[in-house]
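# Tertiary structure, described
Listed below, chain by chain, are the residues.
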Amino acid sequence: MKNAFTWLLLLLCQLALEAQAGFEILKDVKRIDIPFEYKNDLIIVNVTFGRIFPLKFIFDTGAEHTILSKREITDIMNVPYEREFQLVGSDLKTILTAYLVRGIHLRVGDMIIPNQSFLVLEEDYFRFEEMAGVEVQGILGADLFRGLVVKINYERRIITLMKTSSFDKPNKGYQALAIDVNRNKPYLNTIIRLQTDSAVQVKLLLDTGAMLSLLLNTDTHPDLRLPANALKGNIGAGLGGFLEGYLGRVTALQLGGLQCSEVLTNFQELAIGVDTAILYSRNGLIGNQILSRFNVIIDYPREQLYLQPNKMFNKAFEFDKSGLVLIASDLRLNKFTVHDVLPGSPAAQAGLLPGDEIRRLNLIPVGFLSLADIHRILKKKVGKKIRIVVKRGDKRLKFRFSLRKLI
């Protein structure tokens, strides 16, 4: 693990020198607006790769560098792979292989990056298509915007990049918070309350590449304990696949003078032997399910964060009430298979099993649904009747259950 981390540090130093071209993207303009799609709690932007390939990348403040997950694209272009590196997966223990490439022309909206260096994964370790039901070929990391001011308007679906000289600090309606930017990534020191009477000072990564609301690494602080009613299961997805841990809630997350209450939280334990230097002393991360409740401005050069609540701010944090963990596949990503079933959940009690292929949900053929549509249905109010038709081997089976609050 330490050898992998050392190689990664060498790579980051090398790429940091080469990424200076990224600062030239606003040489002749004051700002650039980049439209995005917001699907299944991911920010997705259109990218033209090498002047040829139209691709979709995740806009990811939690990633230091831009990564292409589909190696077949650079293979087709005969791009030389200059060096092999070992990366650490989101579970902080799996070692993954990537290759350095240079000199690729990228276009993101009206933003042109003429000479970009980035990493190409040996395999598609992200598997975002099946885990999020979203077509994605890579991530845009902070090497493209680290010297700028970044504004994310989740309601209008617009990312705005600005020079610091063109940015006027907002006043009305915004909370100003100091952040710490390390290796291109923004960290916020704040307070969470696991229970009403227990406040814990934590350092959290601001991660627009995370589909979740809040993740806490329980063994990074003695007071980060699991809630009594925490459920064991899949807590999300990242580089390397699904993550295992516990699901629960914290009473409150403090964001300056603002507070998010009863926050759905993923609890992850670090694997034995993990080099904690890779975390930069963080205790967890804040993902899109929280960030999307604000207009977000990250001033990277001045290390400032500005948050303005939007109409989603007071919405309750809803969790799936069925117990089903589904993955998407097929060309149109509309084949849905049960990956896991939470023990004791309504779906488990009804008899659904991993491997079942969903054919109908409440009389609707799944060909008319996306994975996000299914998630919305399975988060509806307690007591809602769910009828599912599945294919299990050669059999077609029907199940019924009622949604129930699990967390």
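Residues numbered from 1 in each chain as written. Predicted model: local features only at pLDDT ≥ 70, side-chain atom pairs only at ≥ 80, totals over all residues. Heavy atoms only, no water.

Here Arg51, not a glycine, exhibits a phi torsion of approximately 65°, which is positive. Following the sequence through the fold, Arg51 ends up in the loop between strand E3 (42–49) and strand E4 (53–59). Phi at Asn78 is positive, roughly 55°, even though this residue is not glycine. Residue placement: Asn78 occurs in the loop between helix H2 (71–76) and strand E6 (83–88). Residue Asn78 is classed as exposed on the basis of its relative accessible area, which comes to 68%. (Helix = DSSP H or I, 4+ residues; strand = E, 2+ residues; numbered from the N terminus. Buried < 20%, exposed > 50% of the residue type's maximum accessible area, 1.4 Å probe, protein only.)

Turning our eyes to something else, we now look at the environment of Leu352. With respect to the helices and strands, the residue Leu352 is situated in the loop between helix H5 (346–350) and strand E24 (357–361). Judged by its relative accessible area of 2%, Leu352 falls in the buried class. If we skip the residues at most four places from it in the chain, Leu352 touches Leu324, Val341, Ala347, Ile388, Val390, Arg392, Phe399 and Phe401. (Contact = heavy atoms within 4.5 Å.)

Turning our attention to the confidence of the model for the protein. Model confidence for the protein is summarised by a mean pLDDT of 86, while 87% of its residues fall at 70 or above. With pLDDT under 50 throughout, residues 1–23 is counted as low confidence; its partners more than four residues away or in other chains account for 41 contacts. (pLDDT = per-residue confidence, 0-100.)

To continue, consider the nonpolar core. Core analysis: the biggest nonpolar cluster contains 69 residues, and Val45, Leu255, Ile286 and Ile290 have the highest contact counts within it. Looking at this core element by element, the count peaks at 5 residues for strand E18 (residues 258–268). Once you skip the residues sitting within four places of it in the chain, Ile290 turns out to touch Ser213, Leu214, Leu253, Leu255, Cys260, Val263 and Phe317. One finds Leu326, Ile377, Leu378 and Ile386 within the second-largest nonpolar core, a separate group that totals 23 residues. (Core = buried A, V, L, I, M, F, W, Y, C linked by side-chain atoms within 4.5 Å.)

Here the structure, examined in full by the defined rule, presents 8 aromatic pairs. When the centroid spacing of 5.5 Å and the interplanar angle of 80° are considered together, the rings of Tyr38 and Tyr154 count as edge-to-face. One end of the pair, Tyr38, is in strand E2 (residues 37–39); the other, Tyr154, is in the loop between strand E10 (149–153) and strand E11 (158–162), with 116 residues separating them in the sequence. The same class applies to Tyr38 and to Tyr154, which are both buried. Taking the centre distance of 4.7 Å and the plane angle of 25° together, the rings of Phe59 and Phe145 count as stacked. Residue Phe59 is found in strand E4, and its partner Phe145 is found in the loop between strand E9 (138–140) and E10; the two are separated by 86 residues along the sequence. Given the relative accessible area of 2%, Phe145 is considered buried. A cation over an aromatic ring shows up here: Arg71 above the ring of Tyr81, its NZ or CZ 4.9 Å from the ring centre. One Lys or Arg, Arg293, reaches over the ring of Phe317 and ends 3.6 Å from the middle of that ring. (Phe/Tyr/Trp six-rings, centres within 6.5 Å; stacked < 30°, edge-to-face > 60°. Lys NZ or Arg CZ within 6 Å of the ring centre and 35° of its normal.)

Looking now at the pairing of strand E12 (residues 175–182). In this structure, E12 lies alongside strand E21 (residues 304–309), joined through 4 bridges in antiparallel fashion. In the strand pairing of E21, Ala176 is matched with Tyr306. As judged from the 4 bridges shared by E12 and strand E13 (residues 185–195), these two strands associate in the antiparallel manner. Note on E13: the bridge partner recorded for Asn182 is Lys185. Between the antiparallel neighbours E12 and E13 lie 2 residues, among them Arg183 with a positive phi of about 50°. (Pairing = 2+ DSSP bridges.)

With that settled, consider the pattern of salt bridges. The final tally for this structure, using the stated rule, is 15 salt bridges. Note that Lys185 and Glu64 form a salt bridge whose closest N and O atoms lie 3.9 Å from each other. Taken together, the positions of Lys185 in strand E13 and Glu64 in the loop between E4 and strand E5 (67–68) put the pair 121 residues apart, joining distant regions of the chain. Across the pair, Glu64 and Lys185 agree in class, each one buried. Residue Asp223 is joined to Arg225 by a salt bridge in which the shortest nitrogen-to-oxygen separation is 3.7 Å. For Asp223, a relative accessible area of 35% gives the class partly exposed. (Salt bridge = Lys/Arg side-chain N within 4 Å of Asp/Glu carboxyl O.)

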